[in-house]
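What follows is each chain in one-letter form.
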Amino acid sequence: MASSRQNPERGTAPRVSVIIAVYNGAVTISRALRSVFEQTFTDFEIVVVNDGSTDDTASVLSRYRDRIRVITQSNRGLSAARNAGAHASSGEYLAFIDDDDEWMPTKLAQSVPLLDAEPDCALVYSFALRVDPNGLLMPAAEARPDGAESPTMKEMLAHPWNVVPSQFVVRRDVFERCGGFHERFTTSCEDLYFLVNAREHGHFRGVPEFLVRKETRPLYPKALEREPECDLFVELIRARYGASADGLIDGFRRSRVKVLRHLGRMLIDEGRPEDARRCLARVLHYQPTSPKAYYRYLKTFITPHAARASSSSDSRGV
């Protein structure tokens, strides 16, 4: 049943509101928009939130002013920008796409019917393919959520269930009951926290097809800069769910260690011991009693040639 929510500028609301938050995305935003324009499902509006961009994003967006609505605000971060777009929109369902991602043409056509058919379904997601900035598939390109297709709340709290916003379509009323994306998250973890909260309000359904192309950017320094919000994620999950979220928190920390350890090894191989040291010092935060963690950290103080040789041995399990 179509939503009765009204948009004063358009009358009856569209079924889907597509929300794009963009910050300095002049190079990529046109590609994302084209992938939305090419959807086979057409009952949607597009709201783009220009979150304080300092590049040519505004100029690029002006080319599409007859097909999109643009909201311009000072830089407040990803969560606040998405929330602003959702607040200004009017669709029954909300679909988010990052400015550097792309949807396949049937993304909405395969998602909306599942929400229509199951009123208790809070969210529908699809699989994603990881690509580099040149559009080429990455190694291990397929991005699927770990665990159950339709996880129970207990399963959501047992380990991280990773689906990024470009992959899902959510009911507006569920989004609003969750309070949107938590605005203390400005660059990361907002999706993980939102998904756990959304599962409180209904089950999830998956479309087992790769309907999103997710661009992957270089890990350093982005992964390290995200660490304060990773601590915030653990703090908020612990406060909301207590000991029942032990598995989720432990799994989240293990995933961060894996990323930072890989990054440290990569930076050593590139002859950048000081940068590697910053990453491996953060591993010590997660593993303060691990001899191996201290060993990897101390390797960054030896000569670059020896460090690279030691890193190679370490990667072989020596």
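Refer to the preceding data block for the structure.
Here's what I pulled together on the structure shown here. On a predicted model such as this, the values are computed, not experimentally measured, just so you know. Throughout this description, residue numbers start from 1 for each chain and increase along the sequence as written. Two thresholds apply to this predicted model, a pLDDT of at least 70 for residue-level local features and 80 or more for giving and counting side-chain atom pairs, whereas whole-chain, interface and lining totals are computed over all residues. Remark: hydrogens and water are excluded; side-chain values derive from all non-hydrogen atoms of the structure.

### Describing the side chain of arginine 277
Working step 1: Helix and strand definitions follow DSSP, with helices as H or I runs of at least four residues and strands as E runs of at least two, each counted in order from the N terminus. One can find arginine 277 in helix H11 (residues 273-286).
Working step 2: Partly exposed describes any residue whose relative accessible area lies between the buried limit of under 20% and the exposed limit of over 50%, with all areas from a 1.4 Å probe on protein chains only and scaled to the type maximum. For this count, His and the chain ends are skipped, Lys and Arg are scored as positive, and Asp and Glu as negative. For salt bridges, the criterion is a side-chain nitrogen of Lys or Arg within 4 Å of an Asp or Glu carboxyl oxygen. Comment: no salt bridge for buried arginine 277; closest opposite-charge side chain is glutamate 274, at 5.1 Å.

### As for the pairing of strand S11 (residues 203-215)
For a regular strand, the rule is simple: side chains alternate between the two faces of the sheet.
Working step 1: The criterion for strand pairing is that DSSP finds at least two bridges linking the strands in question. Pairing between strand S7 (residues 102-103) and S11: two bridges, direction antiparallel. Bridging across to S11, tryptophan 103 finds its partner in valine 212.

### Some words on the pattern of salt bridges
Working step 1: Here the structure, examined in full by the defined rule, presents 22 salt bridges.
Working step 2: Here glutamate 102 and arginine 213 are joined by a salt bridge, their closest N and O atoms 3.7 Å apart. Taken as a pair, glutamate 102 in strand S7 and arginine 213 in strand S11 lie far apart in primary sequence, 111 residues in all.
Working step 3: With a relative accessible area of 23%, glutamate 102 lands in the partly exposed category.
Working step 4: For the salt bridge of aspartate 275 with arginine 272, the shortest nitrogen-to-oxygen distance reads 3.1 Å.
Working step 5: Where salt bridges share partners, they join Arg31, Asp100, Glu102, Arg213, Glu215 and Arg217 into one cluster.

### Let's talk about helix H9 (residues 227-241)
Working step 1: Compared with an ideal rise of 1.5 Å per residue, which puts 15 residues at 21 Å, H9 spans 21 Å between its outermost C-alpha atoms and is within 8% of the ideal.
Working step 2: Taken together, the buried positions of H9 are Glu227, Glu229, Cys230, Leu232, Phe233, Val234, Leu236, Ile237 and Tyr241.
Working step 3: Throughout, a residue-residue contact means that at least one pair of heavy atoms, one from each residue, lies within 4.5 Å. Taken together, the buried residues of H9 touch helix H5 (153-156), helix H7 (190-199), helix H8 (222-225), helix H10 (246-269) and H11.
Working step 4: Immediately downstream of H9, the backbone of glycine 242 shows phi near 60°, a positive value. Expected helix span is taken as 1.5 Å per residue step, with the number of steps being one fewer than the number of residues.

### What to know about the nonpolar core
Working step 1: Buried residues of nine kinds, namely Ala, Val, Leu, Ile, Met, Phe, Trp, Tyr and Cys, make up a nonpolar core once their side-chain atoms join them within 4.5 Å. Ranked by internal contacts, the top residues of the largest apolar core, which has 59 residues, are Leu123, Phe168, Val170, Phe194, Phe204, Phe233 and Ile237.
Working step 2: Among the elements that take part in this core, H10 stands out by supplying eight residues, more than any other.
Working step 3: Filtering out sequence-adjacent residues up to four positions away, phenylalanine 194 remains in contact with Leu123, Phe168, Val170, Phe175, Cys178, Gly180 and Phe181.
Working step 4: Counting 33 residues, the second largest nonpolar core, distinct from the first, contains Val22, Val112, Cys121 and Val169.

### Notes on unusual backbone geometry
Working step 1: At the junction of tyrosine 220 and proline 221, the peptide bond is cis and its omega measures out at 5° in the coordinates.
Working step 2: By secondary structure assignment, the location of proline 221 is in the loop between S11 and H8.
Working step 3: Here the phi dihedral of asparagine 24 falls at roughly 50°; this positive angle occurs in a residue that is not glycine.
Working step 4: Of note, cysteine 189 is a non-glycine position whose phi angle comes to about 70°, a positive value.
Working step 5: Look at cysteine 189 and you get buried, because its relative accessible area is 6%.

### Details of the pairing of strand S4 (residues 44-51)
Working step 1: Of all eight residues that make up S4, eight are buried, and the element is covered over most of its length.
Working step 2: Going residue by residue along S4, you find Phe44, Ile46, Val48 and Asn50 tucked away on one face and Glu45, Val47, Val49 and Asp51 tucked away on the opposite face as well.
Working step 3: As paired elements, strand S3 (residues 16-22) and S4 share seven bridges and run parallel to each other. Across the sheet, serine 17 pairs through a bridge with glutamate 45, a residue of S4.
Working step 4: When the strands point away from the viewer and the path from the first strand over the helix to the second turns clockwise, the crossover is right-handed. For the segment spanning S3, helix H1 (residues 29-37) and S4, crossover handedness is right-handed.
Working step 5: Judged from the five bridges that link them, S4 and strand S5 (residues 69-73) form a sheet pairing that is parallel.

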